[in-house]
Amino acid sequence: MLRLAGVSYRYPGAGHETLHAVDLELYPGTVTGLAGAEQAGKSTLCLVAGGLAPRVVGGTVNGEIDIDGQDTRDWPMHRLADLVVTGLQDPGGQLSLIAETVFGEVAFGPANLGLPYDEVVSSAEEALRLVGIEHLRAHDPTRLSGGQQQLVVIAGLLAMRPRYLVLDEPVAHLDAASAKLVLTAIRAAATAGTAVLMAEQRPEAWTACDAVAVLGHGNILATGAPDEILSNPRITTLGIEEPAEVRLRRRLSEAGLDPELMGSAS
Amino acid sequence: MSATAPLPSARAQGASPWHELDPLTRLVVALGTVAAALVLGGIVCLSLLAALTVLVPAAVARELREVLRLSLLLALPLGVSVVVVNVLFSPGTPAEGALLATGVVLRILTMAGAAVLFYRTTRPAELLASLQYHGVPSRATFVIHNGAAMIPRLAERAREVTEAQRARGLDTEGNLLRRGRGLVALAAPTVLGAMAEVETRTLALETRGFTRPGRPTLLWTPHDGPVQRLARWGVLLVLIVLVLEHLAGVLPC
Amino acid sequence: MSATWLRVGGGLAVFALIALAGLAALGGLEFDEALDTFTLVMVVAIPAGIATYALIEYAQTRRIDSITGQFDTRTLVLMPVAIALNIVLGTAVASALKIPIYFDSIGTILVAALAGPLAGAVTGFLANVIWTYLAPPPFGSPFAVPFAVVAVVVGLMAGTFARWGWLRPRPDSSGRRLLVGGAISIGAVVVMVVIALRAWLAAADGSSLAPKSDDTAFFILGWLVVLLVVGTAVGLVVLLVRRRDLAAAYILAAGVLTGIVAAFIAAPIAAGLFGGVTGSGADFVIAAFRRAGADLEQAVLGQSLISDPVDKVITYFVVYLILGAMATRTKARFPQGRYLLPLNESEDVRDRAAPER
């Protein structure tokens, strides 16, 4: 379990904290969604959960952060990389540029970890298969579309077989088909035991989540099952988009009709 | 060990004995040739050098025509200037000037040839893997590889911004101030965009274990051997001898 | 603090020792030979000085943190961009511009300012090596590699000046300092512009200094550089007069000093190896000097002493602009970033919990 308890974070030179007393727990085999408006601090929370803040970004962290019971606050970044990896928003910017092919790019992470050759190759192959981009294995990653690059980045992270996977808006710029692929891959990774934290804006993402946490102005406002959280009408005031189904049901009730007419929920 | 699936051969790996050599060996020859060309001055010696370390390997690699063509292309503008300057301003007779000029031109050609040969026969990824195999830290190979890889990307980005600005009516004619503003509008996004990417890439590399001490797993290993190792040390030795002879003033050419 | 002085002192002492010993031993009574020997001695003395510095630090602390600290991940990611900047701009200028400036050290100085002298030196060195051996056409230049030692020195100097705070913005400087610094700077700008223009116009024999190229990107980059030449002179004056930013004086000082040193190291290389011809606009100036009666080495040195300071002043100014456009937060994350911030801001970004390195 990855546990944040009472964690607050301040960027270097900033006058105020971006995160306040955040409590969050990520359990193996589950996907936790992180919802919130643009400036609510989702990206910051992703950086802190993944350890990139304060190690690479600077700033001050207060509170407790444990992974599997161990206090990781003094661990160097490369030691954390064995356990938790983070995906960021700009796909092109995350490419290492050091690989001629998609396969090389995906194998970059496992190779860095110093895994034996066969394991590096097999994890890379498996990740390519999981994300559905085996046909791109020999392509130059820098020549792919943004959506394809995002798939490559995610495959690269999955290839490291992390126990904890933090993703900042993984499906934000993908078309519906690619988004579905990625969400399926994320679910598959969870089934295999990974704990996923996924910050997103798109409502489709919540279908892949076991729990959703709502972030507002740097505070966790609520945590719970997706249905429960997202059918709360207050979410729109927090800048979170209502899933289509929820909106429909609400409109039906407002119109005086029985929402159950819609049939079973998603 | 031969290249396996992870590193597909774009330039027909193993197409010739020269290609089969460890990229490090090819690099040492290229660097050695340039260094020797700087030290040697005589026409005979330079010709021998060029023949031995540029022309012969190029022929073996079946790249002779391309190497000659590109070397001439690179060296020609400079070569012409050298001849003109040295014949017109020669402290002695024009003939002496021409002799000097020929030496300089040969030197330029040899250096260009060595660089072109290396560039034509070695892929950056191969060189990278070879350097890692020989123990160069991955931080260094990262910078070297990406340094070369960034060049077309930066030029591409500059072109994209140029086109975007053109479409928005960047005035390529007009007074200096207007053109000035337009050009700053061109340069600023290119440079600042590159800087923003630096931040993202730093985070991405760190999370993927880039800073882990020790060597990453190699996906490809070069064909190295005792003969090549000997040859590399041999090149270094010859160079040292040449430099010492040059300093002592006893160089025959 | 004294520990650092010991290291720096040791490095400089070894450097000076080898330099003087080399120059004495290799004789060189004639001007020409002296210049050649000077370059060769530099090639040996500089790495020796750096190695001594590292050895002393290792002896003191069993680590070489002041060197490795300059090469954190962020710097490593920046360096390829800087190398590409050197090569792309340098190639554009060489192919499209007749003005004898090189404009191929902007990346070197940028990295030196943000990360440190050694990082800058390595950037410059690698840029020259890559320019010759790994750069794809049309960017490859076989003539870059011999000048690698010049790039190393430029990086070391720029990094040191930055460390001393010479690239800090100093807006609203007051009174006497501004007056004195400003007057000297404006005077220097005028002198340099006059000398440079006279030399270049005389050399070009009336033909236009405007860029010519078939490649659109080079053409535009060429114009950008012309703009920068004019703009730098104007810009420095504007900084002094409008913003009362004394940094302009420091930029000038850094540029002139770096330029002069670079000229002395580069001239023998250009003269000895290529007969003074480099295929750029510099050739015309050299020819003009020779028409006036100078021999090859003198002509090349003369041309370098005009071009290099101008080139470096422009480069430092452009780097200053780039740094100005970067957010405080971004600069602060680099190893030497805090020396680039105005004095009042640099305190705030020192963090209590220093990031793991």
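For the structure itself, look to the data block above.
So, a few notes on the structure that sits alongside this text. Every value quoted in this text rests on a predicted model; they were computed, and no experiment measured them.

1. Points about the interface of chain B and chain C
Logical step 1: Counting residues at the interface gives 54 residues for chain B, matched by 48 residues for chain C.
Logical step 2: Of all elements in the fold, only α2 (23–39), α4 (64–88), α5 (94–121), α7 (138–167) and α8 (176–207) of chain B reach the threshold of two or more residues within the side of chain B that touches chain C.
Logical step 3: Of the residues forming the side of chain B that touches chain C, the biggest block, 16 residues, is contributed by α8(B).

2. Focus on the interface of chain B and chain A
Logical step 1: Facing 25 residues of chain B, the contacting portion of chain A comprises 34 residues.
Logical step 2: Contributing elements (two or more residues each) for the side of chain B that touches chain A: α7 and α8 of chain B.
Logical step 3: Among the elements that take part in the side of chain B that touches chain A, α8(B) stands out by supplying nine residues, more than any other.
Logical step 4: Taken together, the residues that form the side of chain B that touches chain A break down as 11 nonpolar, nine polar and five charged.

3. Looking at the nonpolar core
Logical step 1: Counting residues in each nonpolar core, the largest one holds 260 residues, and the members touching the most others are A:V131, A:A155, A:V182, C:A113, C:I130 and C:I251.
Logical step 2: Counting residues domain by domain, this core receives three or more from each of domain 1 (19–122 + 225–248) and domain 2 (136–207) of chain B.
Logical step 3: Not counting residues up to four positions away in its chain, the partners in contact with C:A113 are C:A158, C:A162, C:L167, C:V319, C:L323, C:Q336 and C:L340.
Logical step 4: Grouped together as the second largest cluster of nonpolar side chains are six residues, B:A125, B:L127, B:L128 and B:L131 included.

4. Digging into the sheet that holds strand β5 (residues 70–71) of chain A
All names here are of chain A.
Logical step 1: Spatial ordering of the open sheet is given by β2-β1-β4-β5, a layout of four strands whose pairing is antiparallel. Every other strand in the sheet has two partners, leaving β2 (19–26) and β5 as the edge strands with one partner each.
Logical step 2: By the bridge criterion, two bridges tie strand β4 (residues 60–67) to β5 in an arrangement that is antiparallel. From the neighbouring strand, I67 faces β5, where its bridge partner is Q70.
Logical step 3: On the sheet, helix α1 (residues 42–49) packs against β1 (2–10), β2 and β4 and is oriented at approximately 120° with respect to β1.

5. Concerning the sheet that holds strand β6 (residues 84–87) of chain A
All names here are of chain A.
Logical step 1: Here we have six strands laid out as an open sheet, ordered β6-β7-β8-β3-β9-β10, and mixed in their pairing. Whereas interior strands pair on both sides, the edge strands pair on one side only; in this sheet they are β6 and β10 (219–224). For this sheet the average axis-to-axis angle between neighbouring strands, irrespective of direction, equals 15°.
Logical step 2: Examined bridge by bridge, β6 and strand β7 (residues 164–168) share four bridges and lie parallel to one another. The residue bridging G87 from the neighbouring strand is L167, located in β7.
Logical step 3: Along the sheet, α1 contacts β3 (31–36), β6, β7, β8 (195–199) and β9 (211–216); its crossing angle with β8, the most-contacted strand, is approximately 155°.
Logical step 4: Running over the sheet, helix α8 (residues 176–191) touches β3, β7 and β8 and is turned about 150° from β8.

Definitions and limits used
- Residues numbered from 1 in each chain as written.
- Chains lettered and ligands numbered in written order.
- Predicted model: local features only at pLDDT ≥ 70, side-chain atom pairs only at ≥ 80, totals over all residues.
- Contact = placed C-beta atoms within 7 Å.
- Helix = DSSP H or I, 4+ residues; strand = E, 2+ residues; numbered from the N terminus.
- Nonpolar A, V, L, I, M, F, W, Y, C, P; charged D, E, K, R; others polar.
- Core = buried A, V, L, I, M, F, W, Y, C linked by C-beta atoms within 7 Å.
- Buried ≥ 20, exposed ≤ 12 C-beta atoms within 10 Å, placed from the backbone.
- Domains from an automatic or database assignment.
- Pairing = 2+ DSSP bridges.
- Axes fitted to C-alpha atoms, helices over the stretch in contact; angles between N-to-C directions.

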